[in-house]
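Spelled out from the first residue to the last, the chains are:
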Amino acid sequence: DNALLNKGNHYSFEQTYPSGRRLIGVRPLHGGKMPQLATDKNVSNTVSKKKQIFSLDQLTAIYDFTGQTVVITGGAGILGSEFACAVAGCGGNFAILDVNLEPGQAVLERMGEPASQAALFECNVLEPESLSKAAPAVMARFGKVNCLINAAGGNRPDATTSAERSFFDLPAEALRWISELNFLGTVLPCQVFGKIMVEQGHGSIVNIASVNTFRPLTRGLAYAASKAAIGNFTQWLADHMAQEDCP
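Everything quoted here is computed from the prediction, not taken from an experiment.

### Here's the deal with the confidence of the model for the chain
Link 1 in the chain: The pLDDT averaged across the chain works out to 83; a share of 77% of its residues lies at or above 70.
Link 2 in the chain: Across residues 1–13 the pLDDT falls below 50, and counting only partners more than four positions away or on other chains, this stretch makes 49 contacts in the model.
Link 3 in the chain: Throughout residues 32–52 the model reports pLDDT below 50, and contacts reaching past four residues in sequence, or to other chains, amount to 25 contacts.

Here it is, written out as structure tokens:
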């Protein structure tokens, strides 16, 4: 079952492959035209006899992070911990930065042997001093930073409209907290670890936005707005660093 939905300057898509795997996402339009979704025929070359789209061996063959170091903010959280597991599965070293180390330790215990490739660092992404303390500790442990994944972020019920709470009653403190966590909590790590990458002469930054970046889809005002800000900032940063820091 395949579906496309035109959203103006972008489109959302949903596709089900023969294996039953579903792919959902949002992409920009190219030349104002909607693309054609892959059919069973033209995806058949990626489907094994067991109808598996991608095996772990295939994934690690394409994404071999051996010898690479990935810093993950919010690495002890739900999304960040999955990134950590993926990096570990691809052979990479990873530094989990989180304000709470206990959940991070649980993540490492879940991994087993690949946890030897990891290190935990207590860090508050909203405090420059905390980030400036964590960065040299990461460098001392791994010697370099190849990638930064900004997975720290979140939402709060009291910043979300509901039957009990209208837009006019959303507390400023809750709106400010989410905006700072999602947006500023992405910008500050980019400043600290982005500088290291410039000095190294290489590096990649992955910021986590949302479908809400393109269009607010929920009642979460601050969440949607801050994720849109992350999308805008990421494009700005790519352009800025390309011109100023990567001649």
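### Some words on the pattern of salt bridges
Link 1 in the chain: Tallied over the entire structure, the rule returns 3 salt bridges.
Link 2 in the chain: R110 is the partner of E82 in a salt bridge, and the nearest nitrogen-oxygen pair spans 3.5 Å. With E82 in helix α3 (residues 78–89) and R110 in helix α4 (residues 101–111), the pair connects residues that are 28 residues apart, well separated along the chain.
Link 3 in the chain: The exposure class assigned to E82 is partly exposed, which follows from its relative accessible area of 44%.
Link 4 in the chain: Across the pair R156 and D158 runs a salt bridge whose closest N-O atoms are separated by 2.7 Å.

### As for the pairing of strand β5 (residues 93–98)
Two faces belong to every sheet, and in a regular strand the side chains alternate between them.
Link 1 in the chain: The element β5 is extensively covered by neighbouring structure, given that 5 of its 6 residues are classed as buried.
Link 2 in the chain: Pairing analysis gives 5 bridges linking strand β4 (residues 69–73) to β5, with the strands arranged parallel. Each residue of the ladder has a partner; that of V70, found in β5, is F94.
Link 3 in the chain: In this region the chain leaves β4, passes through α3 and returns to the parallel neighbour β5; the handedness of that crossover is right-handed.
Link 4 in the chain: In this structure, β5 lies alongside strand β6 (residues 118–122), joined through 5 bridges in parallel fashion. Residue pairing for β6: F94 is matched across the bridge by A118.
Link 5 in the chain: With α4 bridging β5 and its parallel neighbour β6, the resulting β-α-β unit is right-handed.

### A look at the sheet that holds strand β8 (residues 204–207)
Link 1 in the chain: Spatial strand order, β6-β5-β4-β7-β8: 5 strands in an open sheet with parallel pairing. Each edge of the open sheet is held by one strand with a lone partner, namely β6 and β8. For this sheet, the mean angle separating the axes of adjacent strands, direction not counted, is 15 degrees.
Link 2 in the chain: As judged from the 4 bridges shared by β4 and strand β7 (residues 147–150), these two strands associate in the parallel manner. The residue of β7 that forms the bridge with I72 is I149.
Link 3 in the chain: Strand contacts of helix α6 (residues 172–200): β4, β5, β7 and β8, with the helix running at about 175 degrees to β7, the strand carrying the most contacts.

### A look at the packing of helix α5 (residues 128–142) against α6
Link 1 in the chain: Across the interface, α5 lies against α6 with an axial gap of 9 Å and an inter-helix angle of 35 degrees. Helix-helix and strand crossings are classified by hand; for α5 and α6 the assignment is right-handed. Residues P128, L131, S132, A135 and M139 of α5 touch α6, and the partners they reach there are L188, P189, V192, F193, I196 and Q200.
Link 2 in the chain: Looking at the contact of α5 with α6 residue by residue, the classes come out as 9 nonpolar, 2 polar and no charged.

Rules used in this analysis
Residues numbered from 1 in each chain as written. Predicted model: local features only at pLDDT ≥ 70, side-chain atom pairs only at ≥ 80, totals over all residues. Heavy atoms only, no water. pLDDT = per-residue confidence, 0-100. Contact = heavy atoms within 4.5 Å. Salt bridge = Lys/Arg side-chain N within 4 Å of Asp/Glu carboxyl O. Helix = DSSP H or I, 4+ residues; strand = E, 2+ residues; numbered from the N terminus. Buried < 20%, exposed > 50% of the residue type's maximum accessible area, 1.4 Å probe, protein only. Pairing = 2+ DSSP bridges. Right-handed = clockwise from strand over helix to strand, strands pointing away. Axes fitted to C-alpha atoms, helices over the stretch in contact; angles between N-to-C directions. Left-handed = near helix turned anticlockwise from the far one by under 90°. Nonpolar A, V, L, I, M, F, W, Y, C, P; charged D, E, K, R; others polar.

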